[in-house]
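# Coordinates in review
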Amino acid sequence: MIDYNKLRVRIRLDNLRHNFRLFTEIHDNVIPVIKSDAYGHGLVEVARALEKDGAETFAVGFVHEAAKLRESGCEKRIMALLGPISDEDVQSLWDHRIITPISHFAQLKRVLAASEKNGPLDIGLKFDTGMRRLGFLPEEVDEVAALLKGSPVTPVMATSHLARADEPGREKDVALQARRFQAALDGLARAGFEVEANLANSAGGLVHENCRLDSMRLGISLYGCDPLEGAGEERLPGKLLPAMEVTAPVMQVHPLKKGESISYGWTFTAERDSVVAIIGVGYADNYSRALSNKGEMVLHGRRVPIRGRVCMQMTAVDVTELMGEGKEVLPGDEAWLLGGPGERPVTPEDLAEWGGTITYEAFCLLGQNRREYV
């Protein structure tokens with residue numbers, strides 16, 4: 001019996017491990033970023049896989065993600081990049097042995113107050129060197145150090161984030177942020193604090209050697225995407241392996257006569273007698289409606305274009321050329337939304353370009369479906 005409602009998200013953990021190992025050749029202290037459920041690839045599953053290759057620290061987003069990872073049995077160092085928000089989060093730093101970059105004075109004072117009851121705690125400090133999101137300003141470092149001096153709370157890491165490391169020709173901007181970060185590090189050193197300096201993300205680690213420092217974070221490249229793709233600056237061409245692939249079933253195949261329109265709004269009208277296949281996926285599965293009349297899938301090793309609007313649970317593709325080659329398309333066949341056989345699999349970059357977004361979002365959305373690990 002055909003399972004018409006079986007969108008399949010497959011995660012290739014061996015490919016993730018391969019990508020991680022590539023970066024351990026660049027730096028001996030690589031921190032996998034597995035926030036937001038490992039960009040849709042699975043928080044716990046990805047951490048367990050990377051532990052096999054020596055990952056000693058994992059970076060997540062919110063404190064509750066760090067607590068979940070600890071409760072799964074992970075004994076490695078866990079960073080919660082976004083810091084504590086609630087009193088529960090603050091307490092969790094002790095209960096789950098979480099290192100989190102503290103980013104503003106009110107937050108720091110809450111942690112210091114909690115230390116009176118809970119005792120010693122290692123923390124990170126986040127410095128805003130130009131991203132203008134979270135973090136102390138570098139010029140505030142002396143005031144931060146004064147609050148920490150003599151307290152049971154000890155900074156063991158300092159971190160910041162690069163805004164333009166993935167853009168060619170922005171060396172001056174990256175250098176400016178690096179200098180501002182160094183000013184913060186110098187201030188901590190003056191106060192007697194020795195910290196692990198952490199600045200580079202995937203792009204920063206690939207391109208800006210001066211930003212690698214004591215450790216580097218590995219985000220999008222862990223999942224198989226080159227942050228410099230299309231910019232002419234690729235440093236690992238053909239070496240990164242995609243970790244996520246997505247398929248959905250063909251539900252029905254039927255003719256579309258010349259002059260007939262298809263799907264909501266009749267935004268596509270056939271200019272010739274055609275054949276369309278209806279695929280069991282739509283925006284309810286986080287397959288973006290922005291792909292309407294733009295995106296492509298792979299069927300039997302060949303790219304086929306989307307015709308008309310992506311619906312809630314269905315999307316039409318044109319299989320005329322495929323059928324003309326004698327490759328019969330039948331209900332139950334697998335259509336590849338991401339990845340696929342043949343010379344032109346659908347890449348994350350393709351999905352991002354067609355949908356007017358970035359690969360990060362494509363992963364995070366599709367990864368919210370049920371996953372299987374292969």
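Our subject is the structure listed above.
Residues numbered from 1 in each chain as written. Predicted model: local features only at pLDDT ≥ 70, side-chain atom pairs only at ≥ 80, totals over all residues. Heavy atoms only, no water.

### Here's the deal with the pattern of salt bridges
Here the structure, examined in full by the defined rule, presents 25 salt bridges. For the salt bridge of K76 with E56, the shortest nitrogen-to-oxygen distance reads 3.4 Å. Highlighted residues: K76 in the loop between α4 (63-71) and β4 (77-80) and E56 in the loop between α3 (43-51) and β3 (57-60), separated in sequence by 20 residues. Of the residues examined, K76 reaches a relative accessible area of 23% and is grouped as partly exposed. Of the residues examined, E56 reaches a relative accessible area of 47% and is grouped as partly exposed. Bridged by salt links that share partners, the residues R8, R10, E334 and E372 form one connected network. (Salt bridge = Lys/Arg side-chain N within 4 Å of Asp/Glu carboxyl O. Helix = DSSP H or I, 4+ residues; strand = E, 2+ residues; numbered from the N terminus. Buried < 20%, exposed > 50% of the residue type's maximum accessible area, 1.4 Å probe, protein only.)

### Notes on the state of the cysteines
Summed over all chains, the structure comprises zero disulfides. Here C74 stays unpaired: no disulfide links it, and the sulfur of C364, its closest cysteine neighbor, is 20 Å away. The class of C74 is buried, set by a relative accessible area of 2%. (Disulfide = S-S within 2.5 Å.)

### A few points about the packing of α4 against helix α5 (residues 87-95)
Each packed pair of helices is defined by two parameters, the angle between the axes and the distance between the axes. Interhelical geometry of α4 versus α5 gives an angle of 35° and a closest axis separation of 10 Å. For the pair α4 and α5, the crossing hand works out as left-handed. Contacts from V63, H64 and A67 in α4 reach D89, S92 and L93 in α5. In terms of residue class, the contact of α4 with α5 is made up of three nonpolar, two polar and one charged. (Axes fitted to C-alpha atoms, helices over the stretch in contact; angles between N-to-C directions. Left-handed = near helix turned anticlockwise from the far one by under 90°. Contact = heavy atoms within 4.5 Å. Nonpolar A, V, L, I, M, F, W, Y, C, P; charged D, E, K, R; others polar.)

### As for unusual backbone geometry
Phi at A38 is positive, roughly 55°, even though this residue is not glycine. Mapped onto the elements, A38 comes out in helix α2 (residues 35-40). One non-glycine residue, W266, lies in the positive phi region at around 50°. Tracing the sequence through the fold places W266 in the loop between β12 (261-262) and β13 (268-269). Look at W266 and you get exposed, because its relative accessible area is 63%.

### Here we look at α4
A turn of α-helix holds 3.6 residues, and therefore any two residues three or four places apart point the same way. Taken together, the buried positions of α4 are V63, E65, A66, A67, L69 and R70. In this fold, the buried residues of α4 make contact with α2, α3, β3, β4, α5 and β5 (98-99). Backbone geometry just after α4 places G73 at a positive phi near 110°.

### Let's talk about the pairing of strand β7 (residues 121-126)
When you tally the buried positions in β7, you get five out of six residues, the bulk of the element. Bridge analysis of strand β6 (residues 101-102) against β7 gives two bridges, and the strand direction is parallel. In the sheet register, I102 faces β7, and the bridge partner there is L125. Handedness of the β-α-β unit built from β6, helix α6 (residues 105-118) and β7 comes out right-handed. In the sheet, β7 pairs with strand β8 (residues 153-159) via six bridges, with the strands oriented parallel. Across the sheet, the residue bridging to I123 is P155, located in β8. Where the polypeptide runs from β7 across helix α7 (residues 141-148) and back to β8, its parallel neighbour, the crossover connection is right-handed. (Pairing = 2+ DSSP bridges. Right-handed = clockwise from strand over helix to strand, strands pointing away.)

### Overview of the side chain of E65
Mapped onto the secondary structure, E65 falls in helix α4. Although buried, E65 forms no salt bridge, and the nearest oppositely charged side chain, K68, lies 8.0 Å from it. Here G61 takes part through its backbone nitrogen, which lies 3.0 Å from a polar atom of the side chain of E65. If we ignore the near neighbours within four places in the chain, the residues touching E65 are I34, K35, S36, D37, L43 and V60. (Lys, Arg positive; Asp, Glu negative; His and termini not counted. Polar contact = N/O pair within 3.5 Å; in protein donor to acceptor, adjacent residues only side chain to side chain.)

### What to know about the packing of aromatic side chains
Aromatic ring pairs are defined here through the distance separating the ring centres and the angle between the ring planes. Counted under the stated rule, the structure contains four aromatic pairs. Their ring planes at 35° and their centres at 5.9 Å tell us that Y39 and Y360 sit as a pair that is tilted. Separated by 321 residues along the polypeptide, Y39 in helix α2 and Y360 in helix α12 (residues 359-366) bring together distant segments of the chain. According to the relative accessible area criterion, Y39 is buried, its value standing at 6%. The class of Y360 is partly exposed, set by a relative accessible area of 33%. (Phe/Tyr/Trp six-rings, centres within 6.5 Å; stacked < 30°, edge-to-face > 60°.)

### Section: helix α8 (residues 171-190)
In this model α8 runs 28 Å from its N-terminal to its C-terminal C-alpha over 20 residues, within 8% of the 28 Å that 1.5 Å per residue would give. When we look at burial in α8, the residues that qualify are V174, Q177, A178, F181, A184, L185, G187 and L188. Close packing links the buried residues of α8 with β7, α7, β8 and β9 (196-198). G192 sits one or two positions beyond α8 and adopts a positive phi of about 90°. (Expected span 1.5 Å × (residues − 1).)

### Concerning the sheet that holds β5
Strand order in this open sheet of three strands is β3-β4-β5, and the pairing throughout is parallel. Each edge of the open sheet carries a strand with a single partner, namely β3 and β5. As paired elements, β4 and β5 share two bridges and run parallel to each other. What sits directly across from I78, in β5, is I98.

Coordinates in, geometry out; function isn't part of it.
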